[in-house]
Amino acid sequence: MTQLTTEATTDPTTAVTAEGPALPARHGDPVGFAELPVLMGLMTGDEKHGPAATSTLDALWVLYDRVLRVSPGTATDPDRDRFLLSKGHGPMAYYAVLAAKGFFPTAWLPDFGSYDSPLGHHPDRMLVPGAEIGSGSLGHGLPLAVGTALGLRAQGRPGPAVWVLIGDAELDEGSNHEALAYAAAAGLDRLHTVVIDNASATHGWSGGIASRFTAAGWSAVTVDGRDHEALYTAFSTPHPGRPHAVIARVEPKDT
């Protein structure tokens, strides 16, 4: 695959190679899953949290490509689906997917983490088109997703689904356990949690992570986090009256 440089042409919406434009960079131009590693490769510098980012790539792509009812044109529609990235300390895969789907130009990616870039080391919802929350500190995403689902219910909006992606190590944080216990008791069946399991949790769970959710009254399934069809099937599993968790197992962080 052609390697991209971090240059930009005089047209600021075009990603380039040494031989000229290689990837579409305008809103609405198609970029496929195969190009995502190239987009991620544009983001250089220190503190990239590479394993944290690459562990989420497949789940993020399947969600944005086949599941979520949100696009650049509907990013402010009150009836859009909401996606919250709790695992915000490794956002490069998230940025790559958002760029691929046209939320912002791919030409933004080489400036990742620079002083005046909207693409920080942690996503900022005020700067990143398509981002619903600012994130990075562990343990906040699931409680925020519970609040989002409750808010939509209070507004009489039963249509939007709420999705949150967390890391398995976030289950070391008590705030997540309070949130998942409440979500099931409240019957928040428009709430979905994707847990990326790369064996980072300090303690783990007897019976696996899914057992923690089912014990609280959730629907839960565990799948291969690199298998797109398995992910899609798990994401689209009916779960009437209950919130739903998908545990996506990927290679351990340190391998």
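Residues numbered from 1 in each chain as written. Predicted model: local features only at pLDDT ≥ 70, side-chain atom pairs only at ≥ 80, totals over all residues. Heavy atoms only, no water.

Overview of the packing of aromatic side chains
Inference 1: Considering all chains together, one arrives at nine aromatic pairs under this definition.
Inference 2: Aromatic side chains Tyr64 and Phe83 sit 5.6 Å apart centroid to centroid with 70° between the ring planes, which places their arrangement in the edge-to-face category. In this pair, Tyr64 sits in helix 3 (residues 57–67) while Phe83 sits in strand 3 (residues 82–85), placing the two residues 19 residues apart along the sequence. For the pair Tyr64 and Phe83, a shared accessibility class is recorded, and that class is buried.
Inference 3: On the basis of an interplanar angle of 85° and a centroid distance of 6.1 Å, the ring pair of Tyr64 and Phe103 is categorised as edge-to-face. Placement of Tyr64 in helix 3 and of Phe103 in the loop between helix 4 (92–100) and helix 5 (141–154) is noted, with a sequence separation of 39 residues between them.
Inference 4: Residue class for Tyr64 comes out buried when judged on its relative accessible area of 7%. (Phe/Tyr/Trp six-rings, centres within 6.5 Å; stacked < 30°, edge-to-face > 60°. Helix = DSSP H or I, 4+ residues; strand = E, 2+ residues; numbered from the N terminus. Buried < 20%, exposed > 50% of the residue type's maximum accessible area, 1.4 Å probe, protein only.)

Considerations on unusual backbone geometry
Inference 1: Phi at Ala199 is positive, roughly 60°, even though this residue is not glycine.
Inference 2: Tracing the backbone shows Ala199 in the loop between strand 5 (191–197) and helix 7 (209–215).
Inference 3: With relative accessibility at 55%, the residue Ala199 sits in the exposed group.

As for helix 6 (residues 174–185)
Inference 1: Helix length check: helix 6 (twelve residues) gives 17 Å between terminal C-alpha atoms against 16 Å at 1.5 Å per residue, within 8%.
Inference 2: Elements that come into contact with the buried residues of helix 6 comprise helix 5, strand 5 and helix 7.
Inference 3: Downstream of helix 6 by one or two residues, Gly187 has phi in the positive range, about 65°. (Expected span 1.5 Å × (residues − 1). Contact = heavy atoms within 4.5 Å.)

Some remarks on the pairing of strand 7 (residues 244–249)
Inference 1: With five of six residues buried, strand 7 is to be regarded as a mostly interior element.
Inference 2: Inspection of the sheet shows strand 5 paired to strand 7 by six bridges, in the parallel sense. Pairing of Asp197 across the sheet is with Arg249, part of strand 7. (Pairing = 2+ DSSP bridges.)

Side note on the confidence of the model for the chain
Inference 1: On average, residues of the chain score 86 in pLDDT, and 86% of them reach the 70 mark or higher.
Inference 2: Contacts of residues 1–22 to residues separated by more than four positions or lying in other chains number 41 contacts, the stretch itself having pLDDT below 50.
Inference 3: Across residues 24–28, where pLDDT falls below 50, the model places 17 contacts with residues more than four positions away in sequence or in other chains. (pLDDT = per-residue confidence, 0-100.)

Some thoughts on the nonpolar core
Inference 1: One finds Tyr64, Phe83, Tyr94, Tyr95, Phe104, Leu109 and Phe235 to be the most contacted residues of the largest nonpolar core, which totals 46 residues.
Inference 2: Taken together, the elements giving at least two residues each to this core come down to helix 1 (36–41), helix 3, strand 3, helix 4, strand 4 (162–167), strand 5, helix 8 (228–235) and strand 7.
Inference 3: Here this core gets nine residues from one element, more than from any other, and that element is helix 4.
Inference 4: Residues in contact with Tyr95, not counting those within four places in the same chain, are Met43, Phe104, Leu109, Phe112, Leu119, Gly120, His122, Pro123 and Val128.
Inference 5: Counting residues in hydrophobic clusters, the runner-up holds 24 residues, among them Leu84, Ile133, Ala183 and Ala184. (Core = buried A, V, L, I, M, F, W, Y, C linked by side-chain atoms within 4.5 Å.)

Let's talk about the environment of Gly217
Inference 1: Structurally, the position occupied by Gly217 is in the loop between helix 7 and strand 6 (219–224).
Inference 2: With relative accessibility at 28%, the residue Gly217 sits in the partly exposed group.
Inference 3: Separated by 33 residues in sequence, Gly217 and Ala184 have C-alpha atoms that sit 5.4 Å apart.

Thoughts on helix 4
Inference 1: In terms of residue burial, helix 4 counts as a mostly covered element, since nine of its nine residues are buried.
Inference 2: Within the sequence span of helix 4, burial applies to Met92, Ala93, Tyr94, Tyr95, Ala96, Val97, Leu98, Ala99 and Ala100.
Inference 3: Residues of helix 4 that are buried in the fold lie against helix 1, helix 2 (50–54), helix 3 and strand 3.
Inference 4: Trailing helix 4 by a residue or two, Gly102 shows a phi angle of about 85°, which is positive.

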